[in-house]
Amino acid sequence: SLLLIIFVSALIVVSLLLVLQHLPVFQRNFNFEGIFLELTAENETSRLGIWSRQINLAFQEPLFLFFGFGKSVILTGEESHSQYIRNFIETGVVGSLIFLVLIFAIIKKAWRRFLIDNDPFLVGISSGIFCLTLTMVFISLTAEAFIVVKISEVYWFFELHTFFCKTE
């Protein structure tokens with residue numbers, strides 16, 4: 001039944017996209033040319049172009065690869081808009097590995113608490129933190145979700161509560 005729901009939902013979305021793309025009001029919203037421009041490294045203003053320039057500059061200074069260039073470094077004047085590229089440039093291999101270990105520990109702790117905890121509130125919070133962490137890991141490919149205050153303040157509040165709560 002779940003597969004049927006997913007199939008029907010996908011069919012509805014595709015049908016709506018096909019119908020709406022012919023309405024003049026919605027035609028500008030379905031212009032995928034801008035998306036394809038963002039996904040080419042040859043375009044200097046695209047995210048992939050910025051990422052490749054920043055990584056190339058980082059590899060030109062191999063001494064800084066291990067610990068990075070430091071926080072708030074300006075390599076090429078543009079924001080990378082990727083949590084992982086930003087971590088690599090600012091904190092190097094060591095900082096990136098520590099960040100990934102932190103994310104892995106959060107996912108592991110939330111999953112464990114979800115499975116073994118008896119308190120329904122903590123089970124709910126743990127499942128929310130687990131799903132939210134996976135979502136933020138995905139979002140962080142093209143955004144800096146873990147450091148944007150409006151997103152991360154709620155996340156880290158609930159994360160700290162889940163991480164430090166005692167189990168019975």
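Everything below is about the structure printed above this text.
About the cut-offs
Numbering of residues starts from 1 in every chain and runs along the sequence as written. Reporting in this predicted model follows two pLDDT cut-offs: at least 70 for local features of residues, and 80 or more for side-chain atom pairs to be given and counted; totals over whole chains, interfaces and linings ignore these cut-offs and use all residues. Hydrogens and water molecules were not included; the side-chain quantities draw on all heavy atoms of the structure. Helix and strand assignments come from DSSP, with helices taken as H or I runs of at least 4 residues and strands as E runs of at least 2, each series counted from the N terminus. Between buried and exposed lies partly exposed: a residue is buried under 20% and exposed over 50% of the maximum accessible area for its type, with that area taken using a 1.4 Å probe on protein chains only. We call two residues contacting when some pair of their heavy atoms lies within 4.5 Å. To estimate how far a helix should reach, multiply one less than its number of residues by 1.5 Å. Throughout, the arc means that of the directions going from the helix axis to the C-beta atoms. Patch definition: residues above 30% relative accessible area lacking any salt bridge, with like charges linked at up to 9 Å and the nonpolar side chains Val, Leu, Ile, Met, Phe, Trp and Tyr linked at up to 5 Å. Per-residue and other accessible areas were derived by the Shrake-Rupley procedure at a 1.4 Å probe size, with only the shown protein chains allowed to occlude residues. What counts as a salt bridge is simple: a side-chain nitrogen of Lys or Arg found within 4 Å of a carboxyl oxygen of Asp or Glu. N or O atoms closer than or at 3.5 Å make up a polar contact, with two conditions inside protein: a donor-capable atom paired with an acceptor-capable one, and, for residues adjacent in sequence, both atoms drawn from side chains.

Asker: Got a minute to help me understand the overall build of the protein in this structure?
Answerer: Assigned secondary structure in the protein consists of seven helices and zero strands. For the protein, the N- to C-terminal ordering of α and β elements is α-α-α-α-α-α-α. Classification of the 168 residues of the protein by burial places 26% in the buried group. For the protein, the share of sequence-separated contacts (at least 6 apart) that also reach a separation of at least 24 residues comes to 51%.

Asker: I would appreciate a short explanation of helix H6 (residues 120-139) in the present structure.
Answerer: Every α-helical turn comprises 3.6 residues, leaving residues that sit three or four positions apart pointing alike. Taking 1.5 Å of rise per residue, 20 residues should cover 28 Å, and H6 covers 28 Å from first to last C-alpha, within 8% of that figure. Along H6, the residues that are buried comprise Leu122, Ile125, Ser126, Ile129, Phe130, Thr133 and Met136. Projected down its long axis, H6 carries its buried residues within an arc of 140 degrees, all on one side. Facing away from the buried side of H6 by over 90 degrees, the exposed positions are Pro120 and Phe138.

Asker: Is there a simple way to explain a nonpolar patch on the surface in this structure?
Answerer: Together, Leu4, Phe7, Val8, Leu11, Ile12 and Leu16 make up a nonpolar patch on the protein surface, roughly 590 Å² of accessible area in all. By the secondary structure assignment, Ile12 is in helix H1 (residues 2-20). Its relative accessible area of 48% is what places Ile12 among the partly exposed residues.

Asker: Hey, could you run me through the environment of Tyr84 in this one?
Answerer: Along the polypeptide, Tyr84 turns up in helix H5 (residues 83-116). A relative accessible area of 21% places Tyr84 in the partly exposed class. Along the chain, Tyr84 and Thr142 lie 58 residues apart, while their C-alpha atoms are 9.0 Å from each other. If we skip the residues at most four places from it in the chain, Tyr84 touches Phe99, Leu100, Val137, Ser140 and Leu141. Within the structure, the side chain of Tyr84 is placed 2.7 Å from the backbone oxygen of Val137, a separation counted as a polar contact.

Asker: I keep staring at the pattern of salt bridges and nothing clicks. Help me out?
Answerer: Summed over all chains, the structure comprises three salt bridges. Salt-bridge contacts for Arg86 lead to Glu90; the nearest nitrogen and oxygen are separated by 3.3 Å. Residue Arg86 and its partner Glu90 are both found in helix H5; the two are separated by four residues, about one turn of the helix. With relative accessibility at 7%, the residue Glu90 sits in the buried group. Note that Asp117 is salt-bridged to Arg113, the shortest N-O span being 3.0 Å.

Asker: Can you help me understand the environment of Met136 in this one?
Answerer: Tracing the backbone through its elements, the reader meets Met136 in helix H6. Met136 gets classed as buried once you look at its relative accessible area, which sits at 1%. Counting along the chain gives 53 residues from Met136 to Gln83, while the straight-line C-alpha distance between them is 9.9 Å. Residues within four places of Met136 in sequence aside, it is in contact with Ala145, Phe146, Ile151 and Tyr155.

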